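Below are the chains, spelled out letter by letter.
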Amino acid sequence: MAARIDLTFDCTNAPLLAGFWKTALGYVDEPPPAPFATREEWHASFDLPEDDSVDDGAWLCDPDGVGPRLGILKVAEPKTAKNRLHIDVRVPGHGSPEERWARIAAEAERLVTAGGSVLGEFEGHHVVMADPEGNEFCVAAASA
């Protein structure tokens, strides 16, 4: 059996980044682990420094249970270099090359509206983007 993975982003503003990735991927807030009724209750169960807030993190999941969970955690240090791992956001890939490119461009535009930015376009293939904190990702067509 293959191992399941979670992906974790370091950030300076967990609620901002969580909102962006929920919009980008259609993810939702992950429920707290049992037996906790709320994330606040779960967070309080740890011996953390007083200034550590539940708002310093966000936990997201694919509502269909297919994609990896995302953890978003506040850290003190800023992002300083290009990501060595990035997410590819895949849009449906059927149709002509022009139709696929139109869907990629429309998704990139939607994500700019959500707070992302375009870093580069490889016309006909993919768009390199950054989330609101500068984490790089790509928008490309899914396999046909």
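So, here is what we can say about the structure in this document.

1. Details of the environment of Arg 100
So, point 1. Relative to the helices and strands, Arg 100 resides in helix α3 (residues 97–113).
So, point 2. Classification of Arg 100 by relative accessible area gives partly exposed; the value is 25%.
So, point 3. Through-space distance from the C-alpha of Arg 100 to that of Ala 142 is 9.1 Å; in sequence the pair is 42 residues apart.
So, point 4. Setting aside its immediate chain neighbours within four residues, Arg 100 contacts Gly 93, His 94, Gly 95 and Ala 141.

2. What to know about the pattern of salt bridges
Two side chains carrying opposite charge are able to pair once their charged atoms lie near each other.
So, point 1. If you walk through the whole model with that rule in mind, you get eight salt bridges.
So, point 2. Note that Arg 39 and Glu 30 form a salt bridge whose closest N and O atoms lie 3.2 Å from each other.
So, point 3. On the basis of relative accessibility, which here comes to 13%, the residue Arg 39 falls in the buried class.
So, point 4. A salt bridge links Glu 136 to Lys 79; its shortest N-O distance comes to 3.3 Å. With Glu 136 in strand β8 (residues 136–141) and Lys 79 in the loop between β4 (69–74) and β5 (87–91), the pair connects residues that are 57 residues apart, well separated along the chain.
So, point 5. Taking the relative accessible area as the measure of exposure, Lys 79 reaches 35% and is therefore partly exposed.
So, point 6. Each of Asp 6, Glu 30, Arg 39 and Arg 69 takes part in a single network of salt bridges with overlapping partners.

Conventions used here
Residues numbered from 1 in each chain as written. Predicted model: local features only at pLDDT ≥ 70, side-chain atom pairs only at ≥ 80, totals over all residues. Heavy atoms only, no water. Helix = DSSP H or I, 4+ residues; strand = E, 2+ residues; numbered from the N terminus. Buried < 20%, exposed > 50% of the residue type's maximum accessible area, 1.4 Å probe, protein only. Contact = heavy atoms within 4.5 Å. Salt bridge = Lys/Arg side-chain N within 4 Å of Asp/Glu carboxyl O.

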